[in-house]
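Below, each chain spelled out in residue letters.
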Amino acid sequence: MKKGGHILFIGHEASLSGAPILLLNLLLLLQHHRSIKVTLVIRRGGPLSEEYAKYFPVIVLKPAGYREGGPLMKVAAILRNRWQLLRLMLIMPGCNYVFSNTIINGPLLKTIAFFRKPVITYVHELENVIRAYAAEVTQTLKYTHRFAYPSLRVKDALVTTCRLTDEKLQRLSYYFPVNLPAIHDEATKRAFTEDFRQRFKLEDSDMLIGGMGLASHRKGADIFVEVCGKVAAMNKRVKFCWIGDFDSAVTEAALKQQVQDLQIGNQIVFTGPLPHNYYNLAPFDLFFLSSREDPYPLVVLEAGFMRVPALCFENSGGIPEFVGEDAGWIVPDFSTALAAETILGLYDRREQLQQKGARAQQKSLQLHADPELILSQFDHLLT
């Protein structure tokens, strides 16, 4: 492949979630440091569409609410989709590369395969998603020349599930643009923490355990609640707080029923979705990643920037690679009893939280906030 030129980036959606946010971070980094032309195609629109459009030409194939409404609205949506596809076809001859931001973009890669452009696919998924979207993944495998992965766990999934060889695989670390003065502004962090605890009635907490994300089965929100119940039975000065919405009304009802059954309504708070803020994770003493499957969750890195170490499960995905022995604690076998025991033990060992929190910040900055590292990895993808 020849470096530079015009790169077509393809996003699956424009939601306020990990992969779309990371794509924006990467594109802004390339815009400031590389002489390339960027065109962005989004298969399904969302709240990030407008943010993308501030910086790059954007083609949204299907806006949020596609084909909803009456017959005329549905016809109009289909016609608009065809027009956007035509726009894409018109720019394809001038593109040098295609960079697809998920392994499930296979159908669109097939649509543009006629133009014979080299394709890089950035994979953020593990086995369950790969198997669930087998048809789409098969097409992605057929039309992709090189695959980028953010963690060794994702690489392992590509090798074992997709039968890919090392020659087709290369690491591309997640990138966060970091405001160093904000990270080290202890006065602002303290003020935010005090306001956060007052707002959610957590002032009487001696130790606050955090979770974050779309509360769902995959994210282990029920595990989060279960561990809270075990901890509360031994120490009610430890409280739990989950930032984020529920993935469905069914999940919300089930989690609230679980809280009621465990009688821990005073021990746990679900804040709902909050506006993005640099300090959202600063109020926590420990971040508990309760996920059953998570390729390389951003929330642990964001917690690290705030000097908050993480607790995770050994076989949950890629984040144990980051946590290691120095930036948090890894619990085997999805044991809620061991997770609770670890949290209770840390109640009287705050110096360990501080030590591992400092190391988590150091690792987050070294591995995910160094522009030169990410740019070097990206350049290598184009060789």
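Fair warning: this is a prediction, and the values are worked out from it, not measured in the lab. (Residues numbered from 1 in each chain as written. Predicted model: local features only at pLDDT ≥ 70, side-chain atom pairs only at ≥ 80, totals over all residues. Heavy atoms only, no water.)

Before going further, it helps to spend a moment on the sheet that holds strand 3 (residues 58-62). Ordered by their spatial adjacency, seven strands build an open sheet running 3-2-1-4-5-6-7, and the pairing between neighbours is parallel. With one partner strand each, in any of the chains shown, strand 3 and strand 7 (169-171) form the two edges of the open sheet. With direction set aside, neighbouring strand axes in the sheet form an average angle of 20 degrees. As defined by bridge partners, strand 5 (residues 119-122) adjoins strand 6 (residues 146-149) across three bridges and the pair is classed as parallel. What sits directly across from I120, in strand 6, is R146. Packed on one face of the sheet, helix 3 (residues 71-91) meets strand 1 (5-13), strand 2 (36-44) and strand 3 and runs near 140 degrees to strand 3. Together, strand 1, strand 4 (97-100), strand 5, strand 6 and strand 7 form the strand contacts of helix 16 (residues 371-381), whose direction differs from that of strand 7 by roughly 165 degrees. (Pairing = 2+ DSSP bridges. Helix = DSSP H or I, 4+ residues; strand = E, 2+ residues; numbered from the N terminus. Axes fitted to C-alpha atoms, helices over the stretch in contact; angles between N-to-C directions. Contact = heavy atoms within 4.5 Å.)

For the rest of this paragraph, the subject is the pattern of salt bridges. Evaluated as defined, the whole model comprises 17 salt bridges. A salt bridge links D156 to R153; the shortest N-O distance between them is 3.8 Å. Here the residue D156 and the residue R153 both occupy positions in helix 7 (residues 152-162), the gap between them amounting to three residues, near one helical turn. Take R153: its relative accessible area is 27%, and that puts it in the partly exposed class. (Salt bridge = Lys/Arg side-chain N within 4 Å of Asp/Glu carboxyl O. Buried < 20%, exposed > 50% of the residue type's maximum accessible area, 1.4 Å probe, protein only.)

What follows deals with the packing of aromatic side chains. This model, assessed by the stated rule, comprises 19 aromatic pairs. Each ring, one from F114 and one from F115, has its centre 5.3 Å from the other, and the planes form 80 degrees; the classification is edge-to-face. Counting every residue linked through ring pairs, the aromatic cluster contains F9, F99, Y122, Y174, Y296 and F378. Geometry around Y347 places R350 over its ring, the cationic atom sitting 5.0 Å from the centre. The residue whose ring lies beneath K363 is F322, and the NZ or CZ to ring-centre distance is 5.3 Å. (Phe/Tyr/Trp six-rings, centres within 6.5 Å; stacked < 30°, edge-to-face > 60°. Lys NZ or Arg CZ within 6 Å of the ring centre and 35° of its normal.)

Taking 1.5 Å of rise per residue, the 21 residues of helix 3 would be expected to cover 30 Å, and the 31 Å separating its terminal C-alpha atoms lies within 8% of that figure. Taken together, the buried positions of helix 3 are occupied by A77, N81, Q84 and L88. Angularly, the buried residues of helix 3 cover 65 degrees about the axis, an arc narrow enough to put them on a single face. Those residues of helix 3 that are exposed and aimed more than 90 degrees away from the buried face are P71, L72, L79 and L90. As for helix 3, its buried residues are in contact with strand 1, strand 2, strand 3 and helix 4 (106-111). (Expected span 1.5 Å × (residues − 1). Arc of directions from axis to C-beta.)

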